[in-house]
Amino acid sequence: MGIYFNAENKHFYLESKDVSYIFRINRIGFAEHLYFGRRIGRENMEYMQSIGAGSTYTQMPNERNQCYHYYNPEICFYGTGDFREPTLMVNNPAGDRLVRLHYIGHEILTEKPKITGMPSLSGGRTLILHLEDEISHFAADLYYTVYEEYPVIARRIVYKNNSTDNFTLDRAYSFNLPLIRSDYKLLSLQGSWGFERAIQYTDMQKGVVSIDTKRCTSSATLNPFIAAVSPDTTEESGKAIGINLIYSSSYILKVEGSSDGKGNIMGGINDFDFEWHLSPGEQLETPEAVIVYSNEGLGKMSRAFHDIYRDKLINPRFVNKDRPIVINNWEGTYFNFNTQKLIEMAKAVNGLGIDTFVLDDGWFGHRDDDSSSLGDWFVYEEKLPGGLKTVIDAVHENGMRFGLWFEPEMISENSELFRAHPDYAIGVPGRDRCKSRRQYMLDLTRSDVRDYIVNTVNKVICENEIDYVKWDYNRNVTDNYTLSLPKKRQKEFAHRYALGLYDICERIVNGNPDIIFEGCAGGGARFDPAMLYYFPQIWTSDDTDAEERTKIQYGSSICYPVSSMSCHVSAVPNHQTRRSCDMQTRADIAHLGPTGYELDPTLFTDEDKELVKAQIKAYKEDRELILDSDLYRVENPFESNYFAFMLVSKDKSKAKLTCYRRMNSKDEIKFIYPRGLDPDKKYYIPERNQTLMGSTIMYAGLQPYFSPRDFVTRVFHFEEIK
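Owing to the predicted nature of the structure, the values given are computational and were not obtained by experimental measurement. Residue indices begin from 1 for each chain and proceed along its sequence in written order. A pLDDT threshold of at least 70 governs which residues receive local features in this predicted model, and a stricter bar of 80 or more applies before side-chain atom pairs are shown or counted, although totals over entire chains, interfaces and linings include all residues. For side-chain calculations, the full set of non-hydrogen atoms in the structure is used, while hydrogens and water are omitted.

Caption draft 1: Geometry of the overall build of the chain. A run of H or I in DSSP becomes a helix once it reaches four residues, and a run of E becomes a strand once it reaches two; helices and strands are each numbered from the N terminus. Helix and strand content of the chain: 13 helices and 36 strands. Taking 722 residues into account, the globule formula puts the C-alpha radius of gyration at 27 Å, and the chain, at 27 Å, falls close to it. In terms of overall dimensions, the chain has C-alpha extents of about 85 × 70 × 40 Å along its principal axes. Contacts are assigned to residue pairs with any non-hydrogen atoms lying within 4.5 Å of each other. Looking at the chain alone, contacts between residues at least 24 apart form 68% of all its contacts between residues at least 6 apart. Carbon and sulfur atoms make up 46% of the accessible area of the chain, which totals about 26,100 Å². The atom set for the radius of gyration is the C-alpha atoms, and the globule formula is 2.2 Å times the number of residues raised to the power 0.38. All accessible areas in this document rest on Shrake-Rupley with a 1.4 Å probe, and a residue is counted as covered only by the protein chains that are shown.

Caption draft 2: Local environment of the packing of helix H6 (residues 447–463) against helix H7 (residues 493–508). In this analysis, axes come from line fits to C-alpha atoms, helices being fitted only over the stretch in contact, and the angle between any two N-to-C directions falls in the range 0 to 180 degrees. It is at 10 Å that the axes of H6 and H7 come closest, and there the two elements cross at 25°. Between H6 and H7, the interaxial angle falls into the category roughly parallel. With respect to the hand of their crossing, H6 and H7 are arranged in right-handed fashion. Here H6 contributes Arg-450, Asp-451, Ile-453, Val-454, Val-457, Asn-458 and Ile-461 to the contact with H7, which in turn contributes Gly-500, Asp-503, Ile-504, Arg-507 and Ile-508. If an angle is under 35 degrees, it is roughly parallel; if it is over 145, roughly antiparallel; if it lies from 65 to 115, roughly perpendicular; otherwise it is oblique. Crossings are assigned a handedness: left-handed for a near helix turned anticlockwise from the far helix by less than a right angle, right-handed for a clockwise turn.

Caption draft 3: Representation of the packing of aromatic side chains within the structure. A pair of aromatic rings is counted whenever rings of Phe, Tyr or Trp (Trp by its six-membered ring) have centres within 6.5 Å, and the orientation is called stacked for planes under 30 degrees apart, edge-to-face for over 60 and tilted otherwise. In this structure the tally under the stated criterion is 33 aromatic pairs. Look at Tyr-309 and Tyr-560: their rings are 6.4 Å apart centre to centre, the planes differ by 20°, and that puts the pair in the stacked class. Taken together, the residues span a long stretch of sequence, with Tyr-309 in helix H1 (residues 297–312) and Tyr-560 in the loop between helix H9 (546–556) and strand S29 (565–570) at a distance of 251 residues. In this pair, the class of Tyr-309 matches that of Tyr-560, namely buried. Ring plane angle 25° and centroid distance 6.2 Å describe the contact between Tyr-502 and Tyr-534, whose orientation is recorded as stacked. Remark: Tyr-534 occurs in helix H8 (residues 529–534) and Tyr-502 occurs in helix H7; sequence separation between them is 32 residues. Note on classification: 1.4 Å probe, protein chains only; a residue is buried when its accessible area is under 20% of the maximum for its type, exposed when over 50%, partly exposed between these limits.

Caption draft 4: Summary view of the nonpolar core. Nine residue types can take part in a nonpolar core, namely buried Ala, Val, Leu, Ile, Met, Phe, Trp, Tyr and Cys, and a core is a set of them joined through side-chain atoms within 4.5 Å. Formed by 187 residues in total, the largest nonpolar core has its most connected members in Leu-14, Phe-138, Leu-169, Trp-363, Leu-388 and Phe-402. Not counting chain neighbours up to four residues away, the residues in contact with Trp-363 comprise Phe-337, Trp-377, Phe-378, Val-379, Tyr-380, Leu-384, Leu-388, Leu-404, Trp-405, Phe-406 and Val-460. Core analysis: the second largest hydrophobic core is formed by 21 residues, Val-634, Cys-659, Ile-672 and Tyr-683 among them.

Caption draft 5: Up close: a nonpolar patch on the surface. On the surface, a nonpolar cluster with roughly 310 Å² of combined accessible area is contributed by Ile-669, Phe-671 and Tyr-673. Here Tyr-673 is to be found in the loop between strand S33 (654–661) and strand S34 (682–685). Candidates for patches are residues over 30% relative accessible area with no salt bridge; among them, like charges are joined within 9 Å and nonpolar side chains (Val, Leu, Ile, Met, Phe, Trp, Tyr) within 5 Å. For this document, the term salt bridge refers to a Lys or Arg side-chain nitrogen within 4 Å of an Asp or Glu carboxyl oxygen.

Caption draft 6: Unusual backbone geometry, seen in detail. Following Val-572, the chain continues to Pro-573 via a peptide bond in cis, the omega torsion being -5°. By the element assignment, Pro-573 lies in the loop between S29 and helix H10 (583–590). At Arg-197, a residue that is not glycine, the phi angle is positive and equals roughly 55°. Among the structural elements, Arg-197 can be located in strand S12 (residues 195–203).

Caption draft 7: Examining the sheet that holds strand S4 (residues 31–38) more closely. The strand order across the open sheet built from four strands is S1-S2-S3-S4, with neighbouring strands paired in antiparallel fashion. Of all strands in the sheet, those bounded by a partner on one side alone are strand S1 (2–6) and S4. Recorded for the sheet is a direction-independent mean angle of 15° between the axes of neighbouring strands. We treat two strands as partners when DSSP finds at least two bridges between them. Bridge analysis of strand S3 (residues 19–25) against S4 gives seven bridges, and the strand direction is antiparallel. Considered in S4, the bridge of Ser-20 is made with Gly-37.

Here it is as structure tokens:
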């Protein structure tokens, strides 16, 4: 397995677990896609060239019977007879936009080089395909990275100016992936605040279907993920091609169907309001796209994403390390707390198994509501006399570590920082800025602003014993403009914002390697692979209602592992939906990820304390399944009255099934059919005091016997009997 080049027929064979990706350099020097799918032999695949209705196409210059549109392209050009969506758009010095990228060579590396200034998967055998326009000397390097143990191909493009002239890019996508057929359904993850990553299906069209964001963030509205799935694809069968961008700013993913029954998936940096200027010798590196192929349905596709992210993306210091079990004060107090209240909360959870106390928003500047003080990262002494130390000492005395909330990218108009540096806020000189949540955003494209953020946040961290940081981001960018660029280069803003974000993450997150950082964006509005590179867990949603969370966590699992989904037990009635679910239901759903409690524990009864203590004990016994297991989605809450997740250890010796029923129906008999066990192994089910073969459990099923109420759960464990 790996990367092979046949010099005779100029075929490239990229092989990973279960997958072959094959293209060739054709007679006229173009990179022509031939095959992507289940593992096949290294055959001459020239016969896969797909010829369409030639009368509708334009001949290539000096080619009698050849047309760009005949080929399934690895990269599409504009203005030369290829009428598909182009992968790039370049303005040449003469004013034309023509480019023909011919093959000039390639390299095969044993390990992929890192992308400058952006997160990406680590390792992997890599092919670099060098292409160049022979007239303008504009060039593109196409990167293909293969992971032999995973059905994954990582793609990106580096655009280069090899000339002595200046170029301007109006589009710079990361990849183009041809589809040999166009009858796919398209799966995307749409949503909003409090309802992130809901599953959405769209028919592939003759024409373009696209998802995007223009918010300078990956957004809650549409996650940077899309999958093309066969019409008959289920969790366990059928073809699925999933694509996830490792990127956190404005992006676009497009699927184009053509009249001849073929198609293309493409995308990367959003070309809306985008330009990038390349002087001689300069280059632009694009974000990496992770492409997964599955011939065994959505389940196998998802597990491939989970595995590659845990193995090649998430910080290895934390990926399999026990995550903090937190008590967070936010929904328990909001801004209304003082030192004594925090100490009382810490005492109230002593002995329950909670190991980290997190002080949320309101500890800094003069912050009593959300109208002030963002950017003023110094302790609010009137609220917390003696600073953080008094609280931290009390937390330590009660046997816990201490965590702290920041929102480093933001600035309040009512702040010392804004009064001293109003220019630090993103905005156009002479125009009033848009507010959101009564705050502005700091201009991360500026090095002096980034230095301020890094220095002030690191100062708080260095002066206090902090083990955990919650990094929040509560609004999207507006008024896109920066004083750091001339007026002709303002369309570089959105991508430069991403590069600025990654720079401060490198200097704060990776600069404090012993602290675990949790990402948050008004809930889950920036839940993307690039953030997972820095934050091994991300607050999945501000909506903590167990009923709503079944859908949010189900949709998130399409491409993100449960170990990345931070989930809390909160008070009832729920603060977002006003729904009441019992404490056990809330915990069973919240314990399908890094977990904690977000409420006022001083209100716990003795019964509550015993229940929480038992819940945490059970959670700790299942921790390894949260961190590193195979997920099987057994019941879909978008389609039925039920939700069920099955977590199975890699060696299939241990598993956990969490079942949930939304509405009670006394006449309904329900069987759940677990998945992922070894059919030939025997498993003990402690909740039933019963031993059964894996085949019996999976094919005959289990009846959960839910209690006669709405919003209830049942949990089953499976332990191999040897």
